[in-house]
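The primary structure of each chain is shown beneath.
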Amino acid sequence: MIPFGAIIGVIIALRLLNGNQGGQQQADPYGTKAGYLALTVLLILPATLFTLFGLLNGVWFFAPFFLLGLALCFPWTIARCVFIPLGWPRAAYRFGYLAMASWGSDPRGGQALAAAWALLRTRNPSPEDRAFVETQLEEADSSLRGAGIVAHGLMAAARGDLETARVLCRSVSILDQRIAPRLARKLALEWCLADTAAQGRWRDVLELSERGTGSYSFAAFFRAAARRLLAEPRAGRFILGVWWVLARRWWATWPLLKLAWRPPPRRFALPELDAGEPQAAEPLGRALELHAALSRVPVGQEVLALSAAAVAWDEALSSRKVRDLTAERAQGLGPHTGTEALDALGVEVSEELAAWALAREVKLAQLEPGSDMVERVAYRVRNELLERVESAAQDMENRLAERRPLASEEEWRHILALQHQCTQAASIGGLEARRLAFEAVNVPLCNLGVWLFNEREEKAIANGMFRWLLDESRAVGTDEDCRRYQNNVGCGP
């Protein structure tokens, strides 16, 4: 007997669910989620099992109904394995809606994420598809949460704005798990790992794989590959192969496996000067050689190279032979011209080394101690980092005073940019720089968070901000700061 009643009931229920999407009459997704789960358990699943038994008994007429029921029982699996790889954002969006149980407290953001991911996989997306996804993102912004943030990140990647995509996808890890669904955190981690590995930033891959949550086997494979490419201990091929198999993304991760399977790369060696060239062996020649070698320093060897260059410049600028040579060439230009030229050279060298250290994010605490050039470089780097933080904090304070609101996603990006500058200052400059950066942003960020929470009803991103401020206050703040942010976080997202 064909279950026509069950089939008609499924069709009517789905039409009612779809009719509640779009326009201003969109139904509450939380109530719809419970209704769809009940519909699946009580109607769709039994009808699918019935058609399966019919197929096993040779009734091939049930085949399309069985496939339909299977898709309705496992909508996210169908979206993930079929519509997203095919680059069909509209179909991915609709099945993302049916998979609302996978998105926890952010079903609207989950729908937008599925559509944005499918658009990212499309080779030549049409303007209509882009406009469709943008519309869904705007709807998800009504109360921005974790899945919506990841959706904005994937949409930025589809536009080619990878820097924004990296910032947004990484930010999900600092949100409360109640507003950042596990599936969204998993997808964000996997995208960040693949993107960072494509850039060859293996230290960052190692940090992401150890700090991220969601995709354990996938992250473990990237961690094993990064350790091997960084020539770290316990980076054997056996562990690499085991995690590659367990990650189950064999085709996508095959290029990384081949790259990491090769022998570990040789460590960077400082340039050796030929002893047969006496002019190059002098202090100034050595300093120039090491200075030029900075452009060829591989990732992970920055501290060694910068320390060596700074010490070489100390020796060159204090060398009697260099000073005599400078004085000789400055004859006739004034009694102090040679000294002034060396001082100007020292200033220029310290500026170039500081710019290079900032670009490569060299941790100042690991540099060679006792070097005058290292101290000058460290001072310039810390000063630049703190000036950036103070300028951004002042801009945010001025905007808050004028009550100039931004779109939810843009507001979150501005907050993340300021947090990133503080984190960078702490990572490069050490604990003292972290304390000074926190003092600069403490009041502006707190006031902004209160405004977002109370007046703009953006409780999710305000809670994420307060969680970060709580961590910073525990590290470098006062007891009063800790109590304030503990209470703010306790208000919930």
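In every chain, residue numbers begin from 1 and rise along the written sequence. Given that this is a predicted model, residues contribute local features only at a pLDDT of at least 70 and side-chain atom pairs are listed and counted only at 80 or more, while totals for whole chains, interfaces and linings are drawn from all residues. Excluding hydrogens and water, the side-chain figures rest on all heavy atoms present in the structure.

Caption draft 1: Local environment of a nonpolar patch on the surface. Like charges are joined within 9 Å and nonpolar side chains (Val, Leu, Ile, Met, Phe, Trp, Tyr) within 5 Å, but only among residues with over 30% relative accessible area and no salt bridge; these make up the patches. Accessible surface area values rest on a Shrake-Rupley calculation with a 1.4 Å probe, where residue burial reflects the displayed protein chains alone. Definition used for salt bridges: Asp or Glu carboxyl oxygen within 4 Å of a side-chain nitrogen of Lys or Arg. Side chains of Phe238, Ile239, Val242 and Leu246 sit close together on the surface and give an oily, nonpolar patch of about 380 Å² of accessible area. For Ile239, the position within the fold is in helix α13 (residues 237–247). The helix and strand labels rest on DSSP assignments: H or I over at least four residues marks a helix, E over at least two residues marks a strand, and numbering proceeds from the N terminus.

Caption draft 2: Just helix α10 (residues 182–198), in detail. Between its first and last C-alpha, α10 extends 24 Å over 17 residues, near the 24 Å set by a 1.5 Å rise per residue. Two residues or fewer past α10, Gly200 is found with a positive phi of approximately 75°. Expected helix span is taken as 1.5 Å per residue step, with the number of steps being one fewer than the number of residues.

Caption draft 3: View of the layout of surface pockets. Considered as a void within the structure, the second largest pocket measures approximately 700 Å³ in volume. The definitions used throughout rest on a 1 Å grid laid over the protein atoms alone, on which a cavity is an enclosed set of points accommodating a 1.4 Å probe that cannot get out and a pocket is an open set flanked by protein within 12 Å on both sides along at least five of seven lines; lining residues are those having an atom within 4 Å of a point. Lining the second largest pocket are 26 residues, with Glu190, Ala194, Phe218, Arg249 and Ala252 positioned closest to its centre. When contributions to the lining of the second largest pocket are tallied by element, the ones reaching two or more residues are α6 (107–120), α8 (146–159), α10, α12 (216–229) and α14 (250–261). Element by element, the count of residues in the lining of the second largest pocket is highest for α10, at eight residues. Grid points are joined across faces, edges and corners, and a volume is the space filled by probe spheres set on the points.

Caption draft 4: Molecular detail of the environment of Val299. Inspection of the secondary structure assignment puts Val299 in the loop between α15 (283–293) and α16 (302–318). Think of it in three bands: residues with accessible area under 20% of the maximum for their type are buried, residues over 50% are exposed, and the middle band is partly exposed, with areas taken using a 1.4 Å probe on protein chains only. Exposure remark for Val299: the relative accessible area of 41% places this residue in the partly exposed category. Considering only alpha carbons, one finds Val299 and Arg201, 98 residues apart in sequence, at a separation of 7.0 Å.

Caption draft 5: Highlighting the pattern of salt bridges. Tallied over the entire structure, the rule returns 25 salt bridges. Residues joined in a network through salt bridges with shared partners are Glu163, Arg166 and Asp195.

Caption draft 6: Inspection of unusual backbone geometry at higher detail. Here the phi dihedral of Glu361 falls at roughly 55°; this positive angle occurs in a residue that is not glycine. Locating Glu361 in the fold gives a position in the loop between α18 (337–360) and α19 (372–401). Positive phi is not limited to glycine here, since Arg403 has a value of about 55°. Tracing the sequence through the fold places Arg403 in the loop between α19 and α20 (408–429). Among the residues examined, Arg403 registers a relative accessible area of 43% and is labelled partly exposed.

Caption draft 7: Local environment of the confidence of the model for the chain. The predictor attaches a confidence to each residue, and that confidence, scored 0 to 100, is pLDDT. On average, residues of the chain score 80 in pLDDT, and 83% of them reach the 70 mark or higher. Residue contacts are defined here by distance: any two heavy atoms, one from each residue, within 4.5 Å place the two residues in contact. A low-confidence stretch, residues 1–8 stays under pLDDT 50, and its non-local contacts, those more than four residues away or across chains, total 10 contacts. Low pLDDT (under 50) marks residues 10–31, which in the prediction has 31 contacts with non-local residues, meaning those over four places away or in another chain.

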